[in-house]
Amino acid sequence: MKLCKVKIRKIRDENDTQCQFVYPDGYSAKIIKPFAYENRGNEYEHCLAEVPDDFIFSNDMAEIDPYTAKLLVHEWADNDKDISSEIDRDNLKISKEKYCK
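Just so you know, the residues in each chain are numbered from 1, in the order the chain's sequence is written. Totals for whole chains, interfaces and linings use all residues, but because this is a predicted model, local features are given only for residues with pLDDT of at least 70 and pairs of side-chain atoms are given and counted only at 80 or more. By convention in this description, side-chain values take in all heavy atoms of the structure and omit both hydrogens and water.

A few points about the nonpolar core
Our working rule: To define a nonpolar core, start from buried Ala, Val, Leu, Ile, Met, Phe, Trp, Tyr and Cys residues and group those joined through side-chain atoms within 4.5 Å. In this scheme, a residue with accessible area under 20% of its type's maximum is buried, one over 50% is exposed, and one in between is partly exposed, where area comes from a 1.4 Å probe on protein chains only. Helix numbering and strand numbering both begin at the N terminus, where a helix is a DSSP run of H or I of at least 4 residues and a strand a DSSP run of E of at least 2. Contacts: residue pairs with any heavy atoms within 4.5 Å of one another.
The biggest cluster of nonpolar side chains holds 11 residues, and these are C4, V6, I8, Y27, I32, Y37, C47, A49, V51, F55 and M61. Among the elements of the structure, β1 (2-12) and β4 (44-51) are those that each provide at least two residues to this core. Here I32 is in contact with Y27, A49, E50, V51, F55 and M61, once residues within four sequence places are set aside. Counting residues in hydrophobic clusters, the runner-up holds 9 residues, among them A36, L48, A69 and L72.

Take a look at the structure:
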């Protein structure tokens, strides 16, 4: 498995309580397994995901190394008002049952 940083668009409702995720072309939920989402309230943000070794990356879905992924998880958790307490930072995991259904 490789790690991937995926650029996503978040369309938020007027109360900023719900958002719709728009994934880039080539994204397949059957192949890409997200485990962390950036949550800063921006229109364009990212998620980190596991992808198969033969995955073909694009401009909006770039391969990253484990060290960079760990740094992003720490940064995103520290800046996420909703789930910072739910993160297992050392193992790069968020409570998947709750947030990655």
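Here we look at helix α1 (residues 66-78)
What counts is decided by this rule: A helix is expected to reach a length of 1.5 Å times the quantity of its residues less one. Throughout, the arc means that of the directions going from the helix axis to the C-beta atoms. What qualifies as a polar contact is a pair of N or O atoms within 3.5 Å, subject to a donor-acceptor requirement within protein and to the restriction that residues adjacent in sequence count only when both atoms come from side chains.
Between its first and last C-alpha atoms α1 spans 18 Å; for 13 residues at 1.5 Å apiece the expected length is 18 Å, and the two agree. Inspection of α1 places A69, L72, V73, W76 and A77 among the buried residues, and these make up the whole buried set. Seen along its axis, α1 keeps its buried residues to an arc of 125°; they face one direction. Exposed and oriented more than 90 degrees from the buried face of α1 are Y67 and D78. Where α1 starts, the residue carrying a side-chain oxygen 3.0 Å from the main-chain nitrogen of Y67 turns out to be D65.

What to know about the environment of Y23
The residue Y23 is located in the loop between β2 (19-22) and β3 (33-37) in this model. Here Y23 falls in the partly exposed class, since its relative accessible area comes to 28%. Through-space distance from the C-alpha of Y23 to that of K7 is 7.2 Å; in sequence the pair is 16 residues apart. With residues near it in sequence (within four places) discarded, Y23 still touches V6, I8, Y37 and C47. Looking at Y23, its side chain comes within polar contact range of the side chain of Y37, at 2.8 Å.

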